[in-house]
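# Survey of secondary and tertiary structure
One-letter residues, chain by chain:
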Amino acid sequence: MRFEVRTTRREEFVDITRAVADAVAEALSGLARTSSGAEANGAVLVFSHHTTAGITINENVDPDVCRDLVDGLARIAPCEARWRHCEGNSDGHLKTSLVGPSVLVPLESGRMVLGTWQGIYLAEFDGPRTRRVEVRVLPGLG
Amino acid sequence: MRFEVRTTRREEFVDITRAVADAVAEALSGLARTSSGAEANGAVLVFSHHTTAGITINENVDPDVCRDLVDGLARIAPCEARWRHCEGNSDGHLKTSLVGPSVLVPLESGRMVLGTWQGIYLAEFDGPRTRRVEVRVLPGLG
Amino acid sequence: MRFEVRTTRREEFVDITRAVADAVAEALSGLARTSSGAEANGAVLVFSHHTTAGITINENVDPDVCRDLVDGLARIAPCEARWRHCEGNSDGHLKTSLVGPSVLVPLESGRMVLGTWQGIYLAEFDGPRTRRVEVRVLPGLG
């Protein structure tokens, strides 16, 4: 299962929680009746195909949090630092390894088990671009 | 499977390795005899429900390592930096996206395959609080 | 499934994509004919057993990107900062929690679904050493 995200700025966090939930529902809807149901109680992998865009989980209520994350990461990995790579996006490569290329979210009865304030974000670090996000439902116990 | 962790400071790393091992044992104990045993050779997901507390793996011998991690993260994301979010915990939100909300640890014969020095930690960045940790055992091969 | 990586410098990113692909092929080759095939469409966990070496995904074309990652991480967690831990590798412990100890890569028909520019790297932060990498194939849907 995969979907695309169109970003609109060089650096921004785009909430993809709903798109991931839809992909999970679609994956589970395809299950044979004979399934043990373990898929519905496993986890969902959300993976970015890109080296200047990651996936992270953070607060989904106050949009200032995501702006603070963008600003804080810019202080950690400044665009204007000394970099060898000539494409002007080395800061984005570093930020991607810092937040990571994916998240893995537990499922319970087919629903993502997210905390009250948790949303799933595509973290764009070299946009605007169209990004591809891959989703896998992994069966589990617990 | 889930458990709670009571933290005692604003920022600290709490070793939860034993609690995770107990949750894995409990999940596996519930397996039907007919199981293929793949669950015992898969991986365990350890997931934080929070946006100012993450999960990480680091050294479990010298407690100075965890203190250095707290101090090093405070230099990267200073509490007193310029932040928009008004709750005074934006540094904690950033630190959580940096260390990440979860870890996934390989299992072998039902036991976590951790290196000699590896422990699993709840990384508290806005405590003291009671935190919830979710655990899933995912079957696997390898 | 596990393999070793011999690093040659204190800090470097070593491309292990091929070794991971080989481990996935080996794990899948052992499958019974009766398998549902879910393993071939799940995900692969790549896990470091170490607290001063992580696993990350980044650009596999221009080697300057990995050098920029090493330099950028050294600016974030300087070796010469004030640290309590006396072994002179606290920067490496922090960098390992920042990039993380593992990655989880989606599989499709038994092949890793990596973006055009994505490679899997062992991130060495206290070498040169021989490092152990653990691999697990987790079945899935999607």
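Above: the structure in question.
The sections below set out a description of the structure shown in this document.

## Here we look at the pattern of salt bridges
Counting across every chain of the model gives 39 salt bridges over all chains. Residue Glu12(B) pairs with Arg9(B) through a salt bridge whose shortest N-O separation is 3.6 Å. Here Arg136(C) makes a salt bridge to Glu108(B), at a shortest N to O gap of 3.4 Å. Here the residue Arg136(C) occupies a position in strand β8 (residues 130–138), and Glu108(B) occupies one in strand β5 (residues 102–108), the pair thus bridging two chains. For Arg136(C), a relative accessible area of 0% puts it in the buried group.

## Points about the interface of chain A and chain B
Contacts between chain A and chain B engage 35 residues on the former and 32 residues on the latter. Per-residue buried area on chain A facing chain B is highest for Asp68(A), Arg75(A) and Leu141(A); these three make up 23% of the total on that side. Taken together, the links from chain A to chain B amount to three salt bridges. Among the salt bridges present, the one from Arg2(B) reaches Glu108(A), with a minimum N-O distance of 3.7 Å. Breaking the side of chain A that touches chain B down by element, the ones donating at least two residues are β4 (53–59), α2 (63–76), α3 (90–99) and β5 (102–108) of chain A.

## Overview of the state of the cysteines
Cysteine pairs can be covalently joined through their sulfur atoms, and such a bond is termed a disulfide. If you walk through the whole model with that rule in mind, you get zero disulfides over all chains. In this structure Cys86(B) is a free cysteine whose sulfur lies 13 Å from that of Cys79(B), the closest cysteine sulfur available. Accessibility expressed as a relative area gives 71% for Cys86(B), which makes it exposed. Of the cysteine sulfurs around Cys66(C), a residue in no disulfide, the closest is that of Cys86(A), at 15 Å.

## Concerning the side chain of Asp62(A)
Residue and element names in this part refer to chain A. For Asp 62, the position within the fold is in the loop between β4 and α2. Although Asp 62 is buried, it makes no salt bridge; Arg 67 carries the closest opposite charge, 5.5 Å away. In this structure the side chain of Asp 62 is engaged in a polar contact, spanning 2.8 Å, whose partner is the backbone nitrogen of Asp 64.

## What to know about the nonpolar core
Judged by nonpolar contacts, the single largest core of 81 residues is most densely connected at Ile16(A), Ile120(A), Ile16(B), Ile120(B), Ile16(C) and Ile120(C). Filtering out sequence-adjacent residues up to four positions away, Ile16(B) remains in contact with Phe3(B), Val5(B), Val46(B), Ile55(B), Ile120(B), Tyr121(B), Leu122(B) and Val133(B). Ranked by size, the runner-up nonpolar core spans 45 residues in total, among them Val70(A), Ala123(A), Leu69(B) and Val99(C).

## A word on helix α1 (residues 17–29) of chain A
All names here are of chain A. With 13 residues, α1 should reach 18 Å at 1.5 Å per residue; the first-to-last C-alpha distance of 18 Å fits that figure. Looking at α1, one finds that the buried residues are Thr 17, Val 20, Ala 23, Val 24, Ala 27 and Leu 28. The arc that holds every buried residue of α1, seen down its axis, measures 130°, which confines them to one face. Across from the buried face of α1, at angles greater than 90 degrees, the exposed residues are Arg 18 and Ser 29.

## A word on the interface of chain C and chain A
When the parts come together, some accessible area is lost, and that loss is often what is quoted as the size of the interface. Taken together, the contacts link 35 residues of chain C with 32 residues of chain A. Summed over both sides, the interface between chain C and chain A buries roughly 2,800 Å², with carbon and sulfur atoms accounting for 60% of that surface. On the chain C side of the interface with chain A, the three residues burying the most area are Asp68(C), Arg75(C) and Leu141(C), jointly 23% of the side's total. Inspection of the region where chain C meets chain A yields three salt bridges. For the pair chain C and chain A, the number of links is 17 residue pairs in polar contact (both at pLDDT 80 or more). Those elements giving two or more residues to the side of chain C that touches chain A turn out to be β4 (53–59), α2 (63–76), α3 (90–99) and β5 (102–108) of chain C. Looking at the side of chain C that touches chain A, the element that brings in the most residues is α2(C), giving ten residues. Of the residues belonging to the side of chain C that touches chain A, the class tally is 18 nonpolar, nine polar and eight charged.

## Description of the relation of the copies chain A and chain B
Note on the identical chains: chain A maps onto chain B by a rotation of 120° and an axial translation of 0.0 Å, with an RMSD of 0.0 Å. Considering both components of the superposition, the chain copies are consistent with a three-fold axis. In terms of C-alpha distance to the rotation axis, chain A has Leu98(A) as its closest residue, with the C-alpha 3.2 Å off the axis. Both copies present different contact surfaces, since only 14% of the interface residues of chain A are interface residues in chain B too.

The rules behind these values
Residues numbered from 1 in each chain as written. Chains lettered and ligands numbered in written order. Predicted model: local features only at pLDDT ≥ 70, side-chain atom pairs only at ≥ 80, totals over all residues. Heavy atoms only, no water. Salt bridge = Lys/Arg side-chain N within 4 Å of Asp/Glu carboxyl O. Helix = DSSP H or I, 4+ residues; strand = E, 2+ residues; numbered from the N terminus. Buried < 20%, exposed > 50% of the residue type's maximum accessible area, 1.4 Å probe, protein only. Contact = heavy atoms within 4.5 Å. Buried area = accessible area lost by both parts, 1.4 Å probe. Disulfide = S-S within 2.5 Å. Lys, Arg positive; Asp, Glu negative; His and termini not counted. Polar contact = N/O pair within 3.5 Å; in protein donor to acceptor, adjacent residues only side chain to side chain. Core = buried A, V, L, I, M, F, W, Y, C linked by side-chain atoms within 4.5 Å. Expected span 1.5 Å × (residues − 1). Arc of directions from axis to C-beta. Nonpolar A, V, L, I, M, F, W, Y, C, P; charged D, E, K, R; others polar. Least-squares fit on C-alpha atoms with pLDDT ≥ 70 in both.

Just distances and angles here, no functional claims.
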